[in-house]
Number of protein chains: 2
Amino acid sequence: MQLEEKKALFTSCKAQYAAFQAENLKLDMSRGKPSPKQLDLTNEMITCLKEDDYLAQNGLDCRNYGCLDGLPEAKTFFAPMLGVSPDELIVCGNSSLNMMFWTMSLAMTNGVLGSKPWGKYDKVKVLCPVPGYDRHFAVSEYLGMELISVPMKEDGPDMDVVEKLVAKDDTIKAIWCVPVYSNPGGVVYSDDVVKRFAALKPAAKDFRIFWDNAYCVHHLTDNPPKPLNLLEEAKKVGNEDICYMFASTSKITFPGAGVAMMAASATNIASLKNALSFSTIGYDKMNQLRHLRFFGGKFESLIEHMKRHKELIAPKFAIVIDTLKRELGDLGIASWSEPVGGYFISFDQKGCAKRIVQLCKEAGVVLTGAGASFPYGIDPDDQNIRISPTFPTEEELQKAMEVFACSAKLAALEQELG
Amino acid sequence: MQLEEKKALFTSCKAQYAAFQAENLKLDMSRGKPSPKQLDLTNEMITCLKEDDYLAQNGLDCRNYGCLDGLPEAKTFFAPMLGVSPDELIVCGNSSLNMMFWTMSLAMTNGVLGSKPWGKYDKVKVLCPVPGYDRHFAVSEYLGMELISVPMKEDGPDMDVVEKLVAKDDTIKAIWCVPVYSNPGGVVYSDDVVKRFAALKPAAKDFRIFWDNAYCVHHLTDNPPKPLNLLEEAKKVGNEDICYMFASTSKITFPGAGVAMMAASATNIASLKNALSFSTIGYDKMNQLRHLRFFGGKFESLIEHMKRHKELIAPKFAIVIDTLKRELGDLGIASWSEPVGGYFISFDQKGCAKRIVQLCKEAGVVLTGAGASFPYGIDPDDQNIRISPTFPTEEELQKAMEVFACSAKLAALEQELG
């Protein structure tokens, strides 16, 4: 593009932006929230329990105390989600983030399988594949850990870097992973990456992979990828204690009233159950029962249910991708992910992320803060923005993406033309 | 009683005990669990939400993420339970024990209002009024704290001892309290005790009173005691940051699916909310809504509801007390509490607790383990047994108490006659 062309584009973009501003928009794409229409898919769960429906299969009264690690039938029902046996699962309350916080905090106070409590070290460190999930990094930072960035590649974290770092430093105690449709890149870890994680030999014997499989059944295609199961692979090489795996129904049923779960080796589960016995008397079994009734106790029903989510959100992903292609495709200023599942699109435009977020905000479109996907909120190249297309309506999203694309062009042109 | 009389009693008790054993009883008085009939009082809560009933008063969608510290109307509704303003309350998930664990664990990892993390000390200590609640002590022990017993008096912990200990040792960081109908003694802290707690000046600036008001509305009389409010008293003397207060509806609605809450000073609440933002995205707001609908949003309805609990459990307390009086009243071997609320009766018989629990067990009556009410499970006088009368039916309880009284007599006579 010639300079004059650029100047003309700048002028027209400015005019377009001013027009957007005049619309007094109020659009929120800041978090990966399901839309009200998605939540409506689950409304029958509100009423699916009847007044006399509170007994588990074994006769246990779900209204009362007890059953620390989840209803037996809930374990059976949810085990396929993480690809484990029911014995390897604990079915929890409404928040998998809470289980991750609890598990990491527990390592700080009590160590892992009898190791020295992480909190007794001057400093312990955690590996953070970037771009990644801000709340993961925030948990570790809050607990006093040092965050170390590891680059993400197209098939997962850069395992050369991971293996090298954990081999030499026994104060590196953990890594955060979202192995399927990673947040925000939508990356699905390749078989090679999963196998290398399974075989990881960290200097720290109490190292743990925090494997947040938040989007394991959240497909946008009919032929989803079939990633390897970390725990299964780890067992094959006698390394099964290395991981904690997490999932929830937050983006399957209700984000505020779903069911979370964690899975691990028999040894880890025994230790975690013991710790859990000090932390609570038990989770909400009535809500576990509600989930069982809603899905008729059949995991295939849950998979079918996810197809109805797909019908609602796949068009939204298409709006984002199509708009980016149409508006920015020929300019060579930016790149973005085209995920086949999950909740996010990752957008990169070097040196422009903060400015784009600011421009969007000033035109009434709230995005996740620039830098959020990096440790300490610092994106070294100021390039990454996480786009969360699920919550707005299609009309709102279309408008928001036009504002976004216009802001992206403005930011690039400001950078070049000053 | 003459020796011959004693021998005759021993013989008849042995015969009675053998008869009990022949009945193959299977009765459980081990934990403070509400009975199924009590849970039935709340069954309408299972169905009280309709399919389109998921919006909070401010329009917030309770199905979705958000609202970290509880629905505004849930805060308003539950604030009177702990006698605080809605701003001083966080409405949580189904477990107040979990909030206590979380809060104490947080002090270990992050300190309190910016203090040095407790976990960074070689050893920190917690005061445990005895007899007390085994799960409280277990939380601290699990987190690596040293447990220090403080004797309970008739109106609360011995404050002379508490004040002296906390004044001289800045590694004493906390005390566990059940201020109303204490577990297991049923003690209601006197105004003087509450005021002395409110004015406590520990050497440790990050000392916290863990004030578990689990039984605050669990009365067995129509004219319940009106204890002072700790936070209110602490404010009067400018010491309001000294306490965390907890309660739940576990013994009001459903133990497994109730709503927990915590209260504290504005400064503490701000700090706890910040910590909470790393621990979860939010608690189950649908269940908070269910509670609001069930009680019609009126706290007086909750108080009325507790009267229906009382109708079911007061006769059970009477069975325990009447049986103990009838069977042991004249023997001078034991003493017991006669609480006007709560869930427990505390029974003392010097040197006999373990033996009584064992005898009961061998006759099919399971009690809370002897020593459970003491740090490390060690009752120095082997005298205290916690009786939990709520779960069995009246018929079962009557039988169980006869077994208990017989076992108490046997234990005393064994001790004396060998």
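Residues numbered from 1 in each chain as written. Chains lettered and ligands numbered in written order. Predicted model: local features only at pLDDT ≥ 70, side-chain atom pairs only at ≥ 80, totals over all residues. Heavy atoms only, no water.

(A) A look at the relation of the copies chain B and chain A. Mapping chain B onto chain A leaves a residual RMSD of 0.0 Å; the transformation is a rotation of 180° accompanied by 0.0 Å of translation along its axis. Classification of the inter-copy transformation places it as that of a two-fold axis. In this assembly the copies share their binding face: 100% of the residues contributing to the interface of chain B also contribute to that of chain A. (Least-squares fit on C-alpha atoms with pLDDT ≥ 70 in both. Contact = heavy atoms within 4.5 Å.)

(B) Spatial organisation of the sheet that holds strand β11 (residues 345–348) of chain A. Residue and element names in this part refer to chain A. The sheet built from three strands is open, its strands ordered β10-β11-β13 with antiparallel pairing. In this open sheet, the two edge strands, each paired with only one partner strand, are β10 (335–336) and β13 (384–387). Of the pairings in the sheet, the one linking β10 to β11 comprises two bridges and is antiparallel in character. For S335, the partnering residue across the bridge sits in β11 and is D348. (Pairing = 2+ DSSP bridges. Helix = DSSP H or I, 4+ residues; strand = E, 2+ residues; numbered from the N terminus.)

(C) Expanded view of a positive patch on the surface. On the surface, K120(A), K123(A), K120(B) and K123(B) cluster together into a patch of positive charge. When you line up the elements, K123(A) lands in the loop between α5 (96–110) and β3 (125–130). (Patch = residues over 30% accessible without salt bridge, like charges linked within 9 Å, V, L, I, M, F, W, Y side chains within 5 Å. Areas by Shrake-Rupley, 256 points an atom, 1.4 Å probe, with all protein chains shown as cover. Salt bridge = Lys/Arg side-chain N within 4 Å of Asp/Glu carboxyl O. Lys, Arg positive; Asp, Glu negative; His and termini not counted. Charge placed at Lys NZ, Arg CZ, Asp CG, Glu CD.)

(D) Representation of the sheet that holds strand β13 (residues 384–387) of chain B in the model. Residue and element names in this part refer to chain B. Strands sit in the order β10-β11-β13 across an open sheet of three strands; the sheet is antiparallel. Only two strands of the sheet have a single neighbouring strand rather than two, namely β10 (335–336) and β13. Here strand β11 (residues 345–348) pairs with β13 via four bridges, running antiparallel. The residue bridging S346 from the neighbouring strand is R386, located in β13.

(E) Here's a closer look at the interface of chain B and chain A. The partner chain A presents 61 residues to the 61 residues of chain B that form the contact. Contact between chain B and chain A buries roughly 5,000 Å² in total, counting both sides, with carbon and sulfur atoms accounting for 52%. Three residues, R63(B), Y65(B) and Y142(B), lead the burial of chain B against chain A; their summed loss comes to 16% of the area buried on that side. Applying the counting rule to chain B against chain A returns two salt bridges. A salt bridge links D40(A) to R63(B); its shortest N-O distance comes to 2.7 Å. Linking chain B to chain A there are 25 residue pairs in polar contact (both at pLDDT 80 or more). (Buried area = accessible area lost by both parts, 1.4 Å probe. Polar contact = N/O pair within 3.5 Å; in protein donor to acceptor, adjacent residues only side chain to side chain.)

(F) Just the pattern of salt bridges, in detail. Residue and element names in this part refer to chain A. This model, assessed by the stated rule, comprises 44 salt bridges over all chains. For E327, the salt bridge goes to R326, with nearest N and O atoms at 3.5 Å. Using a relative accessible area of 22% as the deciding quantity, one classes E327 as partly exposed. Sharing partners across several salt bridges, the network here consists of D160, E163, D192 and R196. (Buried < 20%, exposed > 50% of the residue type's maximum accessible area, 1.4 Å probe, protein only.)

(G) Representation of the packing of aromatic side chains. All names here are of chain A. This model, assessed by the stated rule, comprises 30 aromatic pairs over all chains. With 5.8 Å between their ring centres and 20° between their planes, F77 and F295 make a pair best called stacked. One end of the pair, F77, is in helix α4 (residues 72–82); the other, F295, is in the loop between α11 (285–294) and α12 (299–328), with 218 residues separating them in the sequence. Taken as a pair, F77 and F295 share a single burial class, namely buried. Aromatic pair F294 and F295: ring centres 5.0 Å apart, planes at 70°, arrangement edge-to-face. Side by side, F294 and F295 carry an identical accessibility label, which is buried. Ring-pair connections join several aromatic residues into one group, and the members of that group are F77, F78, F294, F295 and F299. Lying over the aromatic face of Y54, R63 brings its terminal NZ or CZ to 3.5 Å of the ring centre. The ring of Y121 carries the charged tip of K116 above its face, separated from the ring centre by 4.2 Å. (Phe/Tyr/Trp six-rings, centres within 6.5 Å; stacked < 30°, edge-to-face > 60°. Lys NZ or Arg CZ within 6 Å of the ring centre and 35° of its normal.)

Nothing here speaks to function; it is geometry throughout.
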